[in-house]
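Residue-level structural notes
Next come the chains, spelled out residue by residue.
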Amino acid sequence: MATTILKAEGAASVEYAARIEHVSKSFAGPAGQQLVLDDITLDVAPGEFVTLLGASGCGKSTLLNLVAGLDRPTAGGITTDGRPSLMFQEHALFPWLTAGKNIELALKLRGVPKNERRGRAGELLELVRLTGSYGKRVHELSGGMRQRVALARALAQDSRLLLMDEPFAALDAITRDVLHDELTRIWAETGVSVLFVTHNVREAVRLAQRVVLLSSRPGRVAREWRVDIPQPRRIEDAPVAELSLEITEVLRGEIRRHGQH
Amino acid sequence: MASTETTGTAGTTASAEDGAAPGGPAKDGLGGLEAGLDALETSATDRTPLRRTLVDKVLPPVVAVAVVLLVWQALISLKVVDDPSKLPSPADVGDEFKDAWLEGRLLGYIWTSVSRGLLGFLFALAIGTPLGLLVARVKFVRAAIGPILSGLQSLPSVAWVPPAVIWLGLNNSMMYAVILLGAVPSIANGLVSGIDQVPPLFLRAGRTMGATGWRGAWHIVMPAALPGYLAGLKQGWAFSWRSLMAAEIIASSPDLGIGLGALLENGRNASSMSMVFEAIILILFVGIAIDLLIFSPLERRVLRGRGLLVKG
């Protein structure tokens, strides 16, 4: 069963999957140093699903890059339980490899012996319900299938923390809806922690146990909501819509502040 | 259009399925929905049948060659060109080929040049590839020789023949030197532009998967740069062949054996226009054949695998 190899067992030694402490980040801009993230403090518990919500310019992707270790914070510290895996808005699958080989490359890079890779790749494809697609080239897959392979590849890294940077933003509404269900199922099965970045309020509420709203320019933690609506949820559910409305109002307030000069 | 709202909400909603069957091959609920979406959004691509390939790809060039031969024969038959020392008839050139074949010289000419050309190309490959990597990855090297490398591509390689003869004498090393100077810049530049065009997203994805340094170069950068590299190889071969012909025409010597360039030069010295035609046709034929047999299939394979080859 695919679930047994994927469960983050023995993770109890750490009480967080990611710990972001007083992190600031500034970039050299045309008008000198520009502060993008300002004193962000945030913990992701093991197995927790957190969405980072914000308008453009809130630095949510920057924060994700910092957690992924692709960039260094200007101030503050980030600790994660092992190296996190990262999923992008574009599938970022390698077109010179088949779907299965993409997953096997991730396995290879983390040192899984050759004779086990094929089997594990098969299990991961089964997990994202693409059993028959091992030999398919990336261009032969639909957008939704590509993101599922990308998810399988991210899971192949066997990280305790999965970082997702608007992974469903480029998909059509029907496919996105299905992938929400799929992600919720896989999250529940594998016990992986997820830090999910989005600008879609309903998506944030549909998926998360906790929604963190970032303000823009610079990005600060504006507010947090705990989402107690039981899974499985649907994006059309009344409680989801209700909370979304409340969060949207706060988000709009944040955006409005930038128009007042 | 409100009449469509009759069917109820009792359909196969995904929520009922969620989290219930872990990874099961359920064909209803979410699994079935997903299978349906997948089927709707992917279209089967099958290979073109052989007959179609023949009509689309083989027939047009055959017709083109036939038309050229017809016009050529017409020029002779209608006495538009009367002087066989200016334009020999197709039959005369054909006889030239036949004699060379029967006397066993034809394959010798071709082999002399092709073996030189391919060996020189392999040397160029062995030098151009690491050079390209160095220019692409090391800033100082790029600033130092990048522009020179691009500039060298526009320098006709014939220009290298006189100095090569003076430095190395009339021998095979001089031929190889000219080939190298012609082909190395193309190969190196192809690799450089291939590496420059690797999408940054692939590099980021690779880094999060732990492919950094040499592992990153081997698993991500090199395969991603392959199409550009292959284009460089193709151009590198064209330059090798051209340089070699220039060298063989200018620097003919009995010690060097008779290659296609020397054949052309011999034809000129003997005022035998049909021999000159024979040589030109062979040079053209070999250049096209190597491209069609080696580089085009390689390039097509790589591009098709990545979905970059659009069928017309």
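Computed from a prediction, not measured in an experiment: that's the story for all the values here. (Residues numbered from 1 in each chain as written. Chains lettered and ligands numbered in written order. Predicted model: local features only at pLDDT ≥ 70, side-chain atom pairs only at ≥ 80, totals over all residues. Heavy atoms only, no water.)

**Structural notes on the sheet that holds strand S1 (residues 18-29) of chain A**
Where strands meet in a sheet, backbone hydrogen bonds hold them as pairs that are either parallel or antiparallel. Residue and element names in this part refer to chain A. Spatially, the 3 strands line up as an open sheet ordered S2-S1-S4, and their pairing is antiparallel. The two strands at the open ends of the sheet, each matched to only one other strand, are strand S2 (32-44) and strand S4 (75-80). Each adjacent strand pair in this sheet contributes to an overall mean axis angle of 30°, direction not counted. By the bridge criterion, 9 bridges tie S1 to S2 in an arrangement that is antiparallel. What sits directly across from Ser26, in S2, is Leu35. The strands that helix H2 (residues 60-68) touches are S1, S2 and S4; relative to S1, the one it contacts most, it runs at about 120°. (Pairing = 2+ DSSP bridges. Helix = DSSP H or I, 4+ residues; strand = E, 2+ residues; numbered from the N terminus. Axes fitted to C-alpha atoms, helices over the stretch in contact; angles between N-to-C directions. Contact = heavy atoms within 4.5 Å.)

**Describing the packing of aromatic side chains**
The description of two aromatic rings rests on the distance between their centres and on the angle between their planes. With the rule as written, the count across this model stands at 11 aromatic pairs over all chains. Plain terms: the ring middles of Phe49 of chain A and Phe196 of chain A are 6.1 Å apart, the flat faces sit at 35° to each other, and that makes the pair tilted. Here Phe49 of chain A, found in strand S3 (residues 49-53), pairs with Phe196 of chain A, found in strand S7 (residues 193-198); they are 147 residues apart in sequence, far enough to count as distant. With respect to class, Phe49 of chain A is no different from Phe196 of chain A; both count as buried. Between Phe94 of chain A and Phe202 of chain B the ring centres are 5.6 Å apart and the planes differ by 80°, which places this aromatic pair in the edge-to-face class. Residue Phe94 of chain A is located in the loop between strand S5 (85-87) and helix H3 (99-109), and its partner Phe202 of chain B is located in helix H8 (residues 200-208); the two belong to separate chains. Judged by its relative accessible area of 0%, Phe94 of chain A falls in the buried class. Among the residues examined, Phe202 of chain B registers a relative accessible area of 12% and is labelled buried. Counting every residue linked through ring pairs, the aromatic cluster contains Phe49, Phe168, Trp187 and Phe196 of chain A. Across the ring face of Phe94 of chain A, the terminal group of Arg153 of chain A is positioned such that the distance to the ring centre comes to 4.8 Å. (Phe/Tyr/Trp six-rings, centres within 6.5 Å; stacked < 30°, edge-to-face > 60°. Buried < 20%, exposed > 50% of the residue type's maximum accessible area, 1.4 Å probe, protein only. Lys NZ or Arg CZ within 6 Å of the ring centre and 35° of its normal.)

**A word on the confidence of the model for chain A**
Per-residue confidence for chain A gives a mean pLDDT of 85, with 94% of residues at or over 70. Note that residues 1-12 of chain A has pLDDT below 50 and, in this model, 19 contacts with residues that lie over four places away or in other chains. (pLDDT = per-residue confidence, 0-100.)

**Side note on a positive patch on the surface**
Among the surface-exposed residues, Arg83, Lys108 and Lys114 of chain A together with Arg215 of chain B lie close enough to one another that they form a single positively charged patch. Relative to the assigned elements, Arg215 of chain B resides in helix H9 (residues 213-250). Take Arg215 of chain B: its relative accessible area is 40%, and that puts it in the partly exposed class. (Patch = residues over 30% accessible without salt bridge, like charges linked within 9 Å, V, L, I, M, F, W, Y side chains within 5 Å. Areas by Shrake-Rupley, 256 points an atom, 1.4 Å probe, with all protein chains shown as cover. Salt bridge = Lys/Arg side-chain N within 4 Å of Asp/Glu carboxyl O. Lys, Arg positive; Asp, Glu negative; His and termini not counted. Charge placed at Lys NZ, Arg CZ, Asp CG, Glu CD.)

**Comments concerning the pairing of strand S6 (residues 161-165) of chain A**
Residues and elements named next belong to chain A. Most of S6 sits out of view: 5 of its 5 residues are buried. Here S6 shows a buried face lined by Leu161, Leu163 and Asp165 and a second buried face lined by Leu162 and Met164. The handedness of the S6 to S7 crossover, carried by helix H6 (residues 173-190), is right-handed. (Right-handed = clockwise from strand over helix to strand, strands pointing away.)

**A closer look at the UniProt feature "domain: ABC transmembrane type-1" (unreviewed entry) in chain B**
The sites that UniProt annotates as "domain: ABC transmembrane type-1" (unreviewed entry) are residues 110-294 of chain B. From the first C-alpha to the last, residues 110-294 of chain B spans 17 Å; its make-up is 84% helix and 0% strand. (UniProt positions renumbered as here; feature names shortened; annotations may be inferred.)

**Concerning the domain arrangement of chain A**
All names here are of chain A. Looking at chain A, the domain boundaries give domain 1 (16-84 + 161-261) and domain 2 (93-158). The straight-line distance from the C-alpha centre of domain 1 to that of domain 2 is 26 Å. Both faces combined, the contact of domain 1 with domain 2 buries some 990 Å², and carbon together with sulfur accounts for 69% of it. Its largest share of buried area at the contact with domain 2, domain 1 owes to Leu162, Arg185 and Ile186, together 36% of the area lost on that side. Joining domain 1 to domain 2, the criterion identifies 3 residue pairs in polar contact (both at pLDDT 80 or more). (Domains from an automatic or database assignment. Buried area = accessible area lost by both parts, 1.4 Å probe. Polar contact = N/O pair within 3.5 Å; in protein donor to acceptor, adjacent residues only side chain to side chain.)

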